Amino acid sequence: MATQARYSSGLIGLGSRVFAGREPEWGTAATADSSTGGLFNYNIFPQPGSRPQKNFSAIEIPQLFPGMFRIKPISGRTTVTGSYTFALPKENLGSFLSLITGDTDSTGGIYTVQELNDVSWTIIQTVGETQALRYTGMKANSMTFAVSADSLVTFDIDFMGKDENFIKRFDATGINLLKEWFKYPTGETDTAELPFDIDNTTERITGINSAFTGGQETQKFDKFVDLYTSNEAVLTVTTTADTTVGDSSVTGSLDAATDNGKKSIIPFSDLSITVNNNLDFPPYVNGTANPNEPVATGYREVTGSMTVPYNSHTDDFITGLFDRTQYKARLKFVSGSKSVQLEMPNFCLTGDGGLSNIPEGEITLPVTFGVYADIDSSNYFTSTNALTFTVVES
């Protein structure tokens, strides 16, 4: 006998996995055999919390007749918006940075923010172990790095996409649809059509498919990846003349491993850096309920905030704010031979500037900043070096 709905509990979120692949063009679903790289099985698992979701614009019917209540609205355009939060991994970060920066040719692990970002993803997420969602046309509107004391380093990606599909049950129909979503090529050494096993009786995912030998995808699937913590982060700031903050007579360096770099380290708490691509859906009528591809509607912006101790070094930030001083900054996460580095060659302070209050204890200084375009060595305007990520994973 079927269980009554009033005695049924909700599904369990544990076991949710995310698969992602770069699309050949916006809104065309990526599969495992896509020429652009296919659906990679990331072991970068999302943290509990938000996910993208499908929305629609309600078209109201403002008629005077037949009564005092409205007629139910008609569905207008549909869009997909929402975010995932991940902990900063020590492996497989590059594709995420490619999505954010638009740099698909990251020679030497260097990802530079591009003038034009046409990168979009297909994302498949299992809902616990019993359902699945697929998002297509997913472009990164923004990404925010967050570093707080005694915590994992996290990055939150805010997405805008074209469509969402839903598999309610992993019965025969649902499994066949899931196979169409993945489309893993089969052959003599690659016989699995899905990267995981599904029990036909319980209709649940039971684990990795032992018959699946999909090369790099299998190597990434369900394996633990170490994560960066705040203890592995270091921030160095210098002037453009390579002197330390607060003392122009002392030579500084952005390389924290050197003697001059150690003099340039700025202690901080609650650091947040946001790369905002400023995307939006253009309000065009195109004969369907699907939106047009999201486009940039404003400047690409890199902004941030942090708190630093207020002392004879950092009081220079207040002077630098009003003098419009250009600094150079580097945020680096280091773990043995692995590292992730954010290079900000034109780091300028913004905001109100002064001390907001003076407590009875330690005085701290809230700092807000932006990363801007620069003038290159040939005296030309350039924004390609405004923000660069360098990833070393070996």
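This write-up is about the structure you can find in this document.

Cut-offs and rules
Residues numbered from 1 in each chain as written. Predicted model: local features only at pLDDT ≥ 70, side-chain atom pairs only at ≥ 80, totals over all residues. Heavy atoms only, no water. Helix = DSSP H or I, 4+ residues; strand = E, 2+ residues; numbered from the N terminus. Buried < 20%, exposed > 50% of the residue type's maximum accessible area, 1.4 Å probe, protein only. Contact = heavy atoms within 4.5 Å. Areas by Shrake-Rupley, 256 points an atom, 1.4 Å probe, with all protein chains shown as cover. Phe/Tyr/Trp six-rings, centres within 6.5 Å; stacked < 30°, edge-to-face > 60°. Lys NZ or Arg CZ within 6 Å of the ring centre and 35° of its normal. 1 Å grid on protein atoms, 1.4 Å probe; cavity = no way out; pocket = protein on both sides within 12 Å on 5 of 7 lines; lining within 4 Å. Points joined across faces, edges and corners; volume = space filled by probe spheres on them. Nonpolar A, V, L, I, M, F, W, Y, C, P; charged D, E, K, R; others polar. Core = buried A, V, L, I, M, F, W, Y, C linked by side-chain atoms within 4.5 Å. Arc of directions from axis to C-beta. Pairing = 2+ DSSP bridges.

1. Some remarks on the overall build of the protein chain
Then, in step 1: Each helix and strand in the protein chain was counted, giving 5 helices and 24 strands.
Then, in step 2: Counting across all 394 residues of the protein chain, residues that qualify as buried make up 45%.
Then, in step 3: Here the contacts in the protein chain between residues at least 6 apart in sequence split such that 64% fall between residues at least 24 apart.
Then, in step 4: Carbon and sulfur atoms form 51% of the exposed surface of the protein chain, whose accessible area is close to 20,200 Å².

2. Details of the packing of aromatic side chains
Then, in step 1: Counted by the stated rule, this structure contains 14 aromatic pairs.
Then, in step 2: Look at phenylalanine 317 and tyrosine 327: their rings are 5.6 Å apart centre to centre, the planes differ by 80°, and that puts the pair in the edge-to-face class. In this pair, phenylalanine 317 sits in helix α5 (residues 316-323) while tyrosine 327 sits in strand β19 (residues 327-335), placing the two residues 10 residues apart along the sequence. As far as burial versus exposure is concerned, phenylalanine 317 and tyrosine 327 are alike and both buried.
Then, in step 3: Joined through ring pairs, the aromatic side chains of Tyr84, Phe86, Phe96, Trp121, Phe145, Phe155, Phe159 and Phe389 make up one cluster.
Then, in step 4: The ring of tyrosine 228 is capped by lysine 90, whose NZ or CZ atom sits 5.2 Å from the centre of that ring.

3. Section: helix α1 (residues 94-101)
Then, in step 1: In terms of burial, α1 is a largely internal element, 7 of the 8 residues being buried.
Then, in step 2: Every buried residue of α1 is listed here: Gly94, Phe96, Leu97, Ser98, Leu99, Ile100 and Thr101.
Then, in step 3: After α1 finishes, the residue glycine 102 shows a positive phi value of roughly 80°.

4. A closer look at the layout of surface pockets
Empty space left among the atoms is revealed by rolling a probe the size of a water molecule over them.
Then, in step 1: Quantified by volume, the second largest pocket comes out at close to 340 Å³.
Then, in step 2: Lining the second largest pocket are 15 residues, with Gly13, Ser16, Pro46, Gln47 and Pro48 positioned closest to its centre.
Then, in step 3: It is strand β6 (residues 121-127) that contributes the most residues to the lining of the second largest pocket, 3 residues altogether.
Then, in step 4: Grouping the constituent residues of the lining of the second largest pocket by class yields 5 nonpolar, 9 polar and 1 charged.

5. Observations concerning the nonpolar core
Then, in step 1: Ranked by internal contacts, the top residues of the largest apolar core, which has 58 residues, are Ile123, Phe155, Phe317, Phe333 and Phe389.
Then, in step 2: In terms of residue count, the dominant contributor to this core is strand β7 (residues 131-147) (7 residues).
Then, in step 3: Leaving out residues up to four positions away in the same chain, phenylalanine 155 has contacts with Tyr84, Thr85, Phe86, Ala87, Leu88, Pro89, Leu93, Phe96, Met143, Thr144 and Phe145.

6. Side note on α5
Three or four residues apart is the spacing at which side chains of an α-helix point the same way, because the helix has 3.6 residues per turn.
Then, in step 1: Along α5, the residues that are buried comprise Phe317, Ile318, Gly320 and Leu321. All buried residues of α5 project into a common sector of 165° when viewed along the axis, lining one side. Opposite the packed face of α5, turned more than 90 degrees from it, sit the exposed residues Phe322 and Asp323.
Then, in step 2: Those residues of α5 hidden inside the fold are in contact with β12 (233-239), β18 (301-309), β19, β20 (338-350) and β21 (364-371).
Then, in step 3: In the segment just after α5, arginine 324 is the residue with positive phi, at about 55°.

7. Topic: empty space enclosed by the protein
Then, in step 1: Under the definition given, this model contains 1 cavity of 30 Å³ or more.
Then, in step 2: There is about 30 Å³ of room inside the largest cavity.
Then, in step 3: As for the largest cavity, its lining consists of Val18, Ala20, Tyr84, Phe86, Phe96, Trp121, Ile123 and Phe159.
Then, in step 4: Those elements that provide at least two residues to the lining of the largest cavity are β1 (18-22), β4 (71-87) and β6.
Then, in step 5: Looking at the lining of the largest cavity residue by residue, the classes come out as 8 nonpolar, no polar and no charged.

8. What to know about the pairing of β4
Then, in step 1: Taken together, the 7 bridges between strand β3 (residues 53-61) and β4 define a ladder with antiparallel strand orientation. Among the inter-strand pairings, alanine 58 is bridged to a residue of β4, identified as serine 75.
Then, in step 2: Summarising the sheet, β4 and strand β8 (residues 154-161) pair through 8 bridges and their orientation is antiparallel. Within β8, the residue paired with tyrosine 84 across the bridge is isoleucine 157.

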